Amino acid sequence: MLIKGEWISTTSGGTIPAYNPATGELAGEVPKAGSDEANAACEAAAEAFRSWRSVLPRARRDLLARAAALLRERAEEMARTLTAEQGKPLSEARGEIKAAIQAVDYYAEAALRIKGELLPPSAAGVRNLVIRQPVGPVVAISPWNYPVLLTAWKVAPALAAGCTVVVKPASQTPLAATAFVKCLADAGAPAGVVNVVTGPGNSVGNVLVSHPLIRKISLTGETGTGKTIMKAAADTVKRLTLELGGHCPMIVAADADLEAAVKEGVYRSFRNMGQICNAINRIYVEQPVYDEFVRKFAEHTRRLVIGDGLENPEADLGPMANASGLETVKAHVADAVEKGARLLHGGNRPAGEKYARGHFIEPAVLADVNHSMLVMTEETFGPVAPIMPVKDLDEAVALANDSIYGLVAYVYTRDLAKGWRIAEALEAGTVGINNVSGGEVDFPYGGWKQSGFGVELSEQGLYEYMAIKHIRAKS
Ligand code: NAD
């Protein structure tokens, strides 16, 4: 843990172990904070804010640029740590570190471009200036699926804006996120500007989000956690950015490029073992191409290579990150099959000694599903692709929107006019037409409905950490 510039390796609360999901072996340990450490970190951030808020943007840029250089030097070591604690294949972990560096680079430069406005006079002799200022000390809480990237998406814009931060990584994956914060400290972040506290969400996290000196909370996590934090934040009326759960639909029109829809649909359903907020969770296919799509999708899925991400860095998939995720996958598949779905592939532990110990499971492809099945309404957060036939695209849109979530949606069609119409009708913060890419640093990323509010990335992602002030001056 890092509090007020001091690294702390033990506390009276003991330690939290992080285990390798591919082998069950210990990957590392971090101290388990109690409320004393959580309070101390908030106080350190509040004290440091008094001076950090007025440090020149150029100096904030320089700090982030130096941190990015250290991240580049340490990228391979950090990627190995990330694979060891999270399970994703090493090539994927390298990609995550690279994307985190990209966010740090982006916000380093964005610090120099914070804009205000000079608006027309409202009365004689009056000047109206609207400026943006940092909101204050921030608590940044990240989940275990992309622990480094989602910490970077919060810390980089917060520091660029002039805020100070207390980072709370997920207890299951604290190692690489802490290594990320170390780069900022080693790059010369003044004491208290960035702190990291490791410990359970419901105890230590709760102290952080209720702390009166904290002005803003940025969370990526489950929708239930978002609701708990909203309530905790209400007493002191803190600002919130909530990136919560998702249940992302993919719509495949009869005129789609089926090869692309299958290839990219498989990738986006199963990458990181489906433990990614923008994973495709349900697929609606127009009747005329349904059988062909289902057959090709299952064929393509069978070709995916599963492995221990350190031994086989280029594997498509690693183990799931934890045992409870594996249980949810099995329960959702069993529920769907019981209600009449066809299991075309996967859903079981792969055969062989090397898969015996970790949280391994073959990605599952289900056909003939419907909305009575859990997999079509609840976030599985695992490698399951349920496919359902629809009579037309209006039905597909209605079903896609029949969800409490609204994070990301995808549509495949060769008719762009149709693509636009569907994209505008979908209730989601991001829509991909004929592609499944997203989360690019230049564009805002955030949810609708119970997927949260506020955005990360882009210029808007920076302004989430800034408050607006109108200065009305009369001469
Ligand atoms: P989680 O909600 O269990 O935990 C997220 C973080 O919140 C952890 O650090 C945890 O310790 C902390 N936390 C839990 N309870 C808390 C409390 N009461 N007070 C303060 N902190 C608390 O989520 P997870 O299982 O780590 O991550 C998976 C979830 O994250 C999925 O639902 C997924 O969809 C979501 N997610 C969303 C996005 C997005 O951009 N919308 C991106 C990635 C993941």
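As shown above, the structure is provided for reference.
What counts as what
Residues numbered from 1 in each chain as written. Predicted model: local features only at pLDDT ≥ 70, side-chain atom pairs only at ≥ 80, totals over all residues. Heavy atoms only, no water. Helix = DSSP H or I, 4+ residues; strand = E, 2+ residues; numbered from the N terminus. Expected span 1.5 Å × (residues − 1). Buried < 20%, exposed > 50% of the residue type's maximum accessible area, 1.4 Å probe, protein only. Pairing = 2+ DSSP bridges. Axes fitted to C-alpha atoms, helices over the stretch in contact; angles between N-to-C directions. Polar contact = N/O pair within 3.5 Å; in protein donor to acceptor, adjacent residues only side chain to side chain. Contact = heavy atoms within 4.5 Å. Near = heavy atom within 4 Å. Areas by Shrake-Rupley, 256 points an atom, 1.4 Å probe, with all protein chains shown as cover. Core = buried A, V, L, I, M, F, W, Y, C linked by side-chain atoms within 4.5 Å. Parallel < 35°, antiparallel > 145°, perpendicular 65-115°, else oblique. Left-handed = near helix turned anticlockwise from the far one by under 90°. Nonpolar A, V, L, I, M, F, W, Y, C, P; charged D, E, K, R; others polar.

A. Molecular detail of helix α4 (residues 147-161). In this model α4 runs 22 Å from its N-terminal to its C-terminal C-alpha over 15 residues, within 8% of the 21 Å that 1.5 Å per residue would give. The buried fraction of α4 is high, at 15 of 15 residues. A positive backbone phi angle near 105° is found at Gly162, which sits one or two residues after α4.

B. Representation of the sheet that holds strand β15 (residues 364-367). On the basis of which strands lie adjacent, the open sheet formed by seven strands has the order β14-β15-β16-β13-β12-β18-β19 and mixed pairing. A single partner strand is all that each edge strand has here, and the edge strands are β14 (342-345) and β19 (430-433). In this sheet, neighbouring strand axes are inclined to one another by 20° on average, regardless of whether the strands run parallel or antiparallel.

C. Spatial organisation of the side chain of Ser458. In this structure, Ser458 sits in helix α13 (residues 458-463). At 3.2 Å, the side chain of Ser458 forms a polar contact with the side chain of Gln460. Excluding its chain neighbours within four sequence positions, the residues that come into contact with Ser458 are Tyr106, Tyr107, Val441, Asp442, Phe443 and Pro444.

D. Local environment of unusual backbone geometry. Positive phi, normally seen in glycine, also occurs at Asn434, with a value near 55°. Within the secondary structure layout, Asn434 lies in the loop between β19 and β20 (448-449).

E. Focus on the site of the ligand. The environment of the ligand is formed by 29 residues, the closest being Ser142, Trp144, Thr225, Leu244 and Glu379. A distance of 2.9 Å is found between an oxygen atom of the ligand and a side-chain nitrogen or oxygen belonging to Lys168. Between Thr225 and the ligand, the recorded distance is 2.5 Å, taken from a side-chain N or O atom to an oxygen atom. Considering the ligand on its own, with 860 Å² of exposed area, one finds that the protein chains cover 91% of that surface. At the level of elements, α6 (201-210), β10 (216-220) and α7 (223-234) are the ones that each hand at least two residues to the shell around the ligand. Here the element with the most residues in the shell around the ligand is α6; it accounts for four residues.

F. Here's a closer look at the nonpolar core. Grouped together as the largest cluster of nonpolar side chains are 126 residues, with contacts concentrated most on Phe180, Ile251, Ile283 and Phe293. A per-element tally of this core places α4 first, with 11 residues. If you look at the next biggest cluster of nonpolar residues, it comprises 23 residues, including Ala45, Val204, Ile217 and Leu219.

G. Here's a closer look at the side chain of Thr83. Within the secondary structure, Thr83 is located in helix α2 (residues 57-86). Overall, Thr83 belongs to the buried group, its relative accessible area being 2%. What Thr83 contacts, discounting residues up to four positions off in sequence, is Lys88, Pro89, Leu90, Ala93, Gly309 and Leu310.

H. Fine view of the packing of α6 against α7. Two numbers describe how α6 lies on α7: the axes approach to 8 Å, and their chain directions differ by 40°. If you check the angle between α6 and α7, you find them oblique. Seen from above, α6 lies across α7 with right-handed handedness. Mapping the contact onto sequence places Asn206, Val209 and Ser210 in α6 and Ile229, Ala232 and Ala233 in α7. Within the contact of α6 with α7, the residues separate by chemical class into four nonpolar, two polar and no charged.

I. Broad picture of the sheet that holds strand β22 (residues 466-474). Judged by pairing direction, the sheet is antiparallel, and its three strands sit side by side in the order β5-β6-β22 without closing on themselves. The open sheet terminates on both sides in strands that have one partner only, identified here as β5 (117-119) and β22. On average, each strand axis in the sheet is tilted by 20° relative to the strand beside it, whichever way the strands run. Pairing of β5 with strand β6 (residues 126-134) involves three bridges; the strand directions are antiparallel. Its bridge partner being in β6, Leu118 is matched across the sheet by Leu129.

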